[in-house]
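# Observations on the model geometry
Chain residues, written in single-letter form:
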Amino acid sequence: MASTGFAHWLVVLVETFAALFMLLLVIAVLVVLVTWFVDRNQTHNSVLRNYPVIGHFRYWFLHLGEFFRQYLYSSDREEMPFNRAQRMWVYRAAKNTENTNAFGSTRDLHLEGVPFFVNAAFPALGESHVKPQPVRIGPYAREPYDHAAFFNISAMSFGALSAPAVRALSIGAAKAGIWMDTGEGGLAPYHLEGGCDIVFEIGTAKYGVRTPDGKLDDDKLLAICAHKQVKMVSIKLGQGAKPGMGGLLPAAKVTAEIAAIRGIPVGTDSQSPNRHLDIANVSQLMDSIRHIRDLTGKPTGFKAVFGDMGWIDEVCDEVARRGIESAPDFIIVDGSEGGTGAAPQTLMEGVGLPLREALPELVNTLIERGLRERIKVICSGKCITAYDVAWALSMGANFVNSARGFMLALGCIQSLQCNRNTCPTGITTQDPKLQRGLVVTDKSEKVANYAKNVMHEVGIIAHSCGVDDPRQLDRTHCRVVGDDGISVPLVKLFPYPEIPEA
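Predicted model only: the values in this text are computed from it and were never measured.

### Quick notes on the packing of aromatic side chains
Under the definition given, this model contains eight aromatic pairs. Ring geometry for Tyr145 versus Trp179: centroids 6.3 Å apart, planes at 45°, classification tilted. A residue pair is termed long-range when its members are at least 10 positions apart, and Tyr145 in strand β3 (residues 145-147) and Trp179 in strand β5 (residues 179-181) qualify at 34 residues. The class of Tyr145 is buried, set by a relative accessible area of 4%. Residue Trp179 is classed as buried on the basis of its relative accessible area, which comes to 1%. When the ring centre of Tyr207 is taken as reference, the NZ or CZ atom of Arg262 above it lies at 4.8 Å. Arg471 extends its terminal NZ or CZ atom over the ring of Phe399, reaching a point 4.8 Å from the ring centre.

### A word on helix α4 (residues 84-95)
Counted at 1.5 Å a residue, the expected span for α4 with its 12 residues is 16 Å, and the 16 Å between its end C-alpha atoms agrees. Burial in α4 covers these residues: Arg84, Gln86, Arg87, Trp89, Val90, Tyr91, Ala93 and Ala94. Asn96, located one to two residues past α4, shows a positive phi value of around 60°.

### Structural notes on the sheet that holds strand β15 (residues 487-489)
In space, the three strands of this open sheet follow the order β1-β14-β15, with antiparallel pairing throughout. The sheet is open, and its two borders are formed by β1 (115-117) and β15, each paired with just one other strand. Mean inter-strand twist for the sheet, computed between neighbouring axes without regard to direction, equals 35°. Where β1 meets strand β14 (residues 478-481), three bridges bridge the pair, whose relative direction is antiparallel. Along β14, the bridge assignment pairs Phe116 with Arg479.

### Digging into the pattern of salt bridges
Applying the stated rule across the entire model yields 17 salt bridges. Where Asp329 meets Arg374, a salt bridge forms, and the shortest distance between an N and an O atom there is 2.9 Å. You can see Asp329 sitting in the loop between α10 (310-322) and β11 (330-334) and its partner Arg374 sitting in the loop between α12 (355-368) and β12 (376-380), a full 45 residues away along the chain. We note a salt bridge from Asp442 to Lys446, for which the minimum N-O separation is 2.9 Å. With a gap of four residues between them, Asp442 and Lys446 both fall in helix α16 (residues 440-464), about one helical turn apart. Since its relative accessible area comes to 32%, Asp442 is described here as partly exposed. Salt bridges linked by common partners bring Asp287, Arg290, Glu318, Arg321 and Arg322 together as one network.

Thresholds applied
- Residues numbered from 1 in each chain as written.
- Predicted model: local features only at pLDDT ≥ 70, side-chain atom pairs only at ≥ 80, totals over all residues.
- Heavy atoms only, no water.
- Phe/Tyr/Trp six-rings, centres within 6.5 Å; stacked < 30°, edge-to-face > 60°.
- Helix = DSSP H or I, 4+ residues; strand = E, 2+ residues; numbered from the N terminus.
- Buried < 20%, exposed > 50% of the residue type's maximum accessible area, 1.4 Å probe, protein only.
- Lys NZ or Arg CZ within 6 Å of the ring centre and 35° of its normal.
- Expected span 1.5 Å × (residues − 1).
- Pairing = 2+ DSSP bridges.
- Axes fitted to C-alpha atoms, helices over the stretch in contact; angles between N-to-C directions.
- Salt bridge = Lys/Arg side-chain N within 4 Å of Asp/Glu carboxyl O.

In structure tokens form, the structure reads like this:
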């Protein structure tokens, strides 16, 4: 009797599944027929009009192609903006695991533009090596800033980044002894949570320190700079991925919290002006630097991506007229290879000088004008590995900032969805379900590990070249492969200018 009952229920179950299958089949046929009719009669897409239904597979394959290329088809050195070899180096550094390779390098050492360093025949013994020494920024400010770490977190806004990402960066930065730049999105409580040093950035929309009509609110700026963690103020003129265009935060990311911090409406696109309303020339830039430095007591400088370098000469001329104390305390030079959450492809790929040209030109201009010691140079733009950072120090940077390197340390998989609010690792999304994947306690350790390992390996390069402090690297310590496959010294490509007499 029991077996008969079981057989009955089995028959019922099979019949139910069969009915469901037939229902799904009918629905699928109806969907295909409706899609065919819509595709055949629409007028905006030729492929779908000529190949209804099956034409959709083309776009599906296009979407999946970027993921298949990353994991299956591209070699270790092919992908952009960062290839697999670079990403794996960062991942291993962040996990603090063995970062050695076997057999030989997969890097093409004969490719034009590849830098490599010139080792000394008799480098100093390990016990004579020293830690990087603090560099003073803003000697004429009421609160000058002394900072030793030469590798720091570049500008990334809360809003572009999720709250867990900002918290992990803040905590990790404190553990590594590095600074964190807020980006133009204002100061969030998550920036302060870890206790790290903060560089507060004022963007063209003056988020966080704006009046209702977009001007600078001195009281709001004073309140932010009252935090002891805020060490410097950076005026953002532009960034490498979108020179001549202000920041863009899609409406989907503008939550009530982000809107309150920035001082903007909820749920609307947050588009900054392409320049500061009150800074239209070098004189006004210098006025803003003086005003902010006098108001806050903090070292103050500016960030820019360079095209025509002539305006830096104008800055130097203005310093000569006003006095050495009026100079910007630092300049952040961002290369055109810099990244962002959202930018037009035209600007991202076709405007601005790359860092390899802009950095030495800026340093040389400051040397020529006798301002090299007064104005500290900070650079950013695709510097994520130890030899990227060592190259920048050799070129003359005092500090190197990285944004995407620290995103990779947080677990970024380069899915290229920063502008869609669909980041699968929870870094660049305001979706709580996706943010859940980013565990702050774990990622903050990875951020600290990454920073420490980069600086450690830059130290290895420096010691191999025969200097004790990485900031002692100069253009004589690095060579670059030319178009004939033969390398030339950096100092020959970018010779130092004559030092002016006192």
